[in-house]
Amino acid sequence: MYLRKLQLKDAPLMLAWMHDRNVTGHLRADFASKTLEDAERFIEESLAEGKNADACGDANARSLEDEGKERAQRDIHLAIASDEDEYMGTVSLRHIENGSAEFAITVRAEAMGRGYSWFGMESILDKAFTELSLDSVYWCVSRDNARAVRFYDKHNFHEVLDIPQDVLDRYEGVTNLKWYSVLRGDEVNVRDCVAGCKVIHIKTIPTVNAGELSFMEGTHDFPFAIKRIYYISKVPEGVRRGFHAHKELKQVLFCPYGRIQLVLENRHGREEIELSDPSIGVVIEECTWREMLWLQKDSVLCVAASEFYDADDYIRDYEAFKRIVED
Ligand code: T46
């Protein structure tokens, strides 16, 4: 599967989802009345540079008349295509301005549950942050749209509570919306574990164009009772720390600022992960060798630990560690 420009040959399949209640049931635009000519017109407009109107083709579509030409110039609509080049859906970035954009996606019923939605979303977010250098992408969905809410929650997107008024104004009269946003630097597709150590998603509340707030609550979010918090700061780029394991200590490591490579080794093998997203943490529960490399000056490593500091709990000899792991 891949993203490409919309093509006129996509119009019949685009029209098919517009007339499919399974797809449009929770969308507020009137797709049922759309014709093949409407779909073709939308595609042509998406291709004409600077006339990228969104008369149809995504969840929040409106008529061309509703959108000024200036705004239309700031929209991108692309096709999600199968390996056989069949149109599977449309993914869009709209209202691209002031470093942010609104994301929208619609896929055909035939594409649901087959990875097309996630591929389309991941690809256009990558485009937004790397090619367009945007700072944030936001979108909303009806809370009644259980399938969509499940999809975004499953992929660990965070609900936003503080949406700028000019964005809300576009949805005047529409209630029961759930807003999401993702910021540049957020890891979109994080693995579940590294060397058998669990990667956790720290609850994070983004605010469009005003950063995000992450929090962890002791007994709710931690696999152990926290006795100690420490953090490592003011480290120059390229410095390595760690080079030890612990006998009993359990810890959660996270990086609220910067980029730190964490290498973990235990009976599961040796694996690394880059900590650069403040909403990601790693739980180290078993005897695990750790090395940390500061990829960016002044990155901060925070640690929540299950025990008070105890120098005797450290295994600083790598050969001794290997013997313990191999036993
Ligand atoms: C770990 C990684 C991620 C204390 O006195 N109290 C403390 O709570 C800690 C953590 C350290 N110290 C002393 C011990 C050393 O004299 O601080 C000095 C530096 O500690 P260390 O060389 O162990 O720092 P790192 O960065 O290699 O390792 C630290 C933790 O010690 C370790 O438990 O898992 O961060």
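None of these values were measured; they are calculated from a predicted model.

Parameters and conventions
Residues numbered from 1 in each chain as written. Predicted model: local features only at pLDDT ≥ 70, side-chain atom pairs only at ≥ 80, totals over all residues. Heavy atoms only, no water. Pairing = 2+ DSSP bridges. Helix = DSSP H or I, 4+ residues; strand = E, 2+ residues; numbered from the N terminus. Core = buried A, V, L, I, M, F, W, Y, C linked by side-chain atoms within 4.5 Å. Buried < 20%, exposed > 50% of the residue type's maximum accessible area, 1.4 Å probe, protein only. Patch = residues over 30% accessible without salt bridge, like charges linked within 9 Å, V, L, I, M, F, W, Y side chains within 5 Å. Areas by Shrake-Rupley, 256 points an atom, 1.4 Å probe, with all protein chains shown as cover. Salt bridge = Lys/Arg side-chain N within 4 Å of Asp/Glu carboxyl O. Axes fitted to C-alpha atoms, helices over the stretch in contact; angles between N-to-C directions. Parallel < 35°, antiparallel > 145°, perpendicular 65-115°, else oblique. Left-handed = near helix turned anticlockwise from the far one by under 90°. Contact = heavy atoms within 4.5 Å. Nonpolar A, V, L, I, M, F, W, Y, C, P; charged D, E, K, R; others polar. Near = heavy atom within 4 Å. Polar contact = N/O pair within 3.5 Å; in protein donor to acceptor, adjacent residues only side chain to side chain. Arc of directions from axis to C-beta. Lys, Arg positive; Asp, Glu negative; His and termini not counted. Charge placed at Lys NZ, Arg CZ, Asp CG, Glu CD.

## Brief notes about the sheet that holds strand β17 (residues 280–284)
Strand pairing in a sheet takes place through backbone hydrogen bonds and is either antiparallel or parallel in direction. Taking strand neighbours across the sheet as the criterion, the six strands line up as β8-β9-β17-β14-β19-β12 in an open arrangement whose pairing is antiparallel. Every interior strand has two partners, whereas the edge strands, β8 (193–194) and β12 (228–232), have only one. Examined bridge by bridge, strand β14 (residues 251–257) and strand β19 (residues 300–305) share five bridges and lie antiparallel to one another. Residue pairing for β19: Gln251 is matched across the bridge by Ala305.

## A word on the nonpolar core
Grouped together as the largest cluster of nonpolar side chains are 30 residues, with contacts concentrated most on Leu93, Phe103, Met121, Val137, Trp139, Tyr152 and Phe157. Those elements giving two or more residues to this core turn out to be β2 (76–81), β3 (87–97), β4 (100–107), α5 (116–131), β5 (136–142), α6 (146–154) and β7 (177–183). If you look at the next biggest cluster of nonpolar residues, it comprises 20 residues, including Val199, Cys255, Ile260 and Ile284.

## Structural notes on a nonpolar patch on the surface
Taken together, the side chains of Ile226, Ile229 and Tyr231 make up a nonpolar region of the molecular surface, amounting to roughly 340 Å² of accessible area. Along the chain, Ile229 turns up in strand β12.

## Focus: the sheet that holds β7
Strand order in the open sheet made by the seven strands is β1-β2-β3-β4-β5-β7-β6, with mixed pairing throughout. If you trace the sheet from one side to the other, it starts and ends with β1 (2–5) and β6 (158–159), each paired once. Pairing of β6 with β7, which is carried by two bridges, proceeds in the antiparallel orientation. Bridge pairing in β7 places Glu159 opposite Tyr180.

## Some words on the packing of helix α1 (residues 11–18) against helix α3 (residues 36–47)
A pair of packed helices can be characterised by two numbers: the angle between their axes and the separation between those axes. Contact geometry of α1 with α3 gives a least axis separation of 9 Å together with a crossing angle of 120°. The orientation of α1 with respect to α3, classified from their angle, is oblique. For the pair α1 and α3, the sense of crossing is right-handed. Only Leu36, Ala39, Glu40, Phe42 and Ile43 of α3 make contact with α1, whose side of the interface consists of Ala11, Pro12, Met14 and Leu15. When its residues are assigned to classes, the contact of α1 with α3 shows eight nonpolar, no polar and one charged.

## A short note on the site of the ligand
If you check the shell around the ligand, you find 13 residues, and the closest are Arg228, Arg241, His246, Gln251 and Tyr314. The contact in question runs from an oxygen atom of the ligand to an N or O atom on the side chain of Arg228, over 2.4 Å. Contributing elements (two or more residues each) for the shell around the ligand: β12, β13 (240–246) and β18 (289–294). Per-element tally for the shell around the ligand: the top contributor is β13, with four residues. In terms of residue class, the shell around the ligand is made up of five nonpolar, four polar and four charged.

## Considerations on α6
Given 3.6 residues per helical turn, the α-helix brings residues three or four places apart onto the same face. Burial in α6 covers these residues: Ala148, Val149, Phe151 and Tyr152. Axial view of α6: buried residues confined to an arc of 160°, hence all on one face. Summarising the geometry of α6, the exposed residues directed more than 90 degrees from the buried face are Arg150 and Lys154. On its buried face, α6 is in contact with β4, α5, β5 and β7. Residue Asn156 follows α6 closely and has a positive phi angle near 65°.

## A closer look at a negative patch on the surface
A grouping of Asp317, Glu319, Glu326 and Asp327 is seen on the molecular surface, where their side chains present a negatively charged patch. Relative to the elements of secondary structure, Asp327 occurs in the segment after α9 (318–326). Asp327 gets classed as exposed once you look at its relative accessible area, which sits at 84%.

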